[in-house]
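Residues per chain are reported as follows:
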Amino acid sequence: MDFLNRVLPWDGWGGRIMATVMARGNSDMEFAAVEMLNLKSDSNVAMIGCGPGIGVVECARRISSGIVIGLDPSIVMTERTRKRCCRARVEQVTKVERAAAESLPLSDRSQDAVVSVNNIQLWTNRSVGLDECTRVLVPGGVIVVLLHMWAIPSVLPRQEWIKQLCDDLSARDVHVEKPRIRRFRSGKALVLIGKRSK
């Protein structure tokens, strides 16, 4: 995955092209992930690898007194997310920061939900990233991971990779529902939902 991070253009002109492609190609997955959260008006949500901000805005439209934090290591993606939030007039319930999954600028037990759509395979260190996700989740908080099947790293057979991810979450006191495969406009994707133990 370090190879993908090196060759894919996440910043500069290439990042702007990727942001446009992602906004169109991943939008139905972003909407689905937000729907799975069962948000309350005061929910706090961390969107990891928020890309161009489709999911951030969708979350923000469903809350009034909580906050949605869009996190992405790319300058282009965070700029796009800020602009999208401004156009949607949801700045009062959103915050956007440049950050990677392995170093979340969030307090312990501060988030009701953590979402990752099509980026967990790009994390530099998945173990550290999952530690961070569970660190910031409140007891009973939800983690939602969606990932295109074709994007699952080929280091292991797909089912084994999925099982390993579930086991990694379970080891961090997250009760994981049975993984599902769901068809989206852009193809089949893994849907994983977990809840942090109380």
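This text follows the structure it describes.
An account of the accompanying structure is given in this report. (Residues numbered from 1 in each chain as written. Predicted model: local features only at pLDDT ≥ 70, side-chain atom pairs only at ≥ 80, totals over all residues. Heavy atoms only, no water.)

**Section: the nonpolar core**
Operational definition: What is meant by a nonpolar core is a set of buried Ala, Val, Leu, Ile, Met, Phe, Trp, Tyr and Cys residues, joined one to another through side-chain atoms within 4.5 Å. Working definition: with a 1.4 Å probe on protein chains only, accessible area under 20% of the residue-type maximum means buried, over 50% means exposed, and in between means partly exposed. Only DSSP runs of H or I covering at least 4 residues are called helices, and only runs of E covering at least 2 are called strands; the numbering of each starts at the N terminus. Residue contacts are defined here by distance: any two heavy atoms, one from each residue, within 4.5 Å place the two residues in contact.
One finds Val114, Ile120, Ile143, Trp161, Leu165 and Leu169 to be the most contacted residues of the largest nonpolar core, which totals 30 residues. For this core, the elements supplying multiple residues, two or more each, are β1 (44-48), β2 (67-72), α6 (126-136), β5 (137-148), α7 (158-170), β6 (174-176) and β8 (187-196). Considering every element that reaches this core, the biggest residue donor is α7, with five residues. Residues in contact with leucine 165, not counting those within four places in the same chain, are Ile120, Arg126, Leu130, Leu190 and Leu192. Counting 28 residues, the second-largest nonpolar core is a separate cluster that includes Met29, Met36, Val142 and Leu146.

**Concerning the pairing of β8**
Going by this rule: Two strands make a pair as long as DSSP finds a minimum of two bridges between them.
Taken across its 10 residues, β8 has eight buried, putting it largely inside the fold. Pairing between β6 and β8: three bridges, direction antiparallel. In the strand pairing of β8, valine 174 is matched with arginine 196. Relative to β8, strand β7 (residues 180-184) is paired through five bridges, and the arrangement is antiparallel. Paired with phenylalanine 184 across the bridge in β8 is glycine 187. Remark: two residues form the turn of the hairpin made by β7 and β8, two consecutive strands paired antiparallel.

Such coordinate-based values are descriptive only and should not be taken to indicate function.
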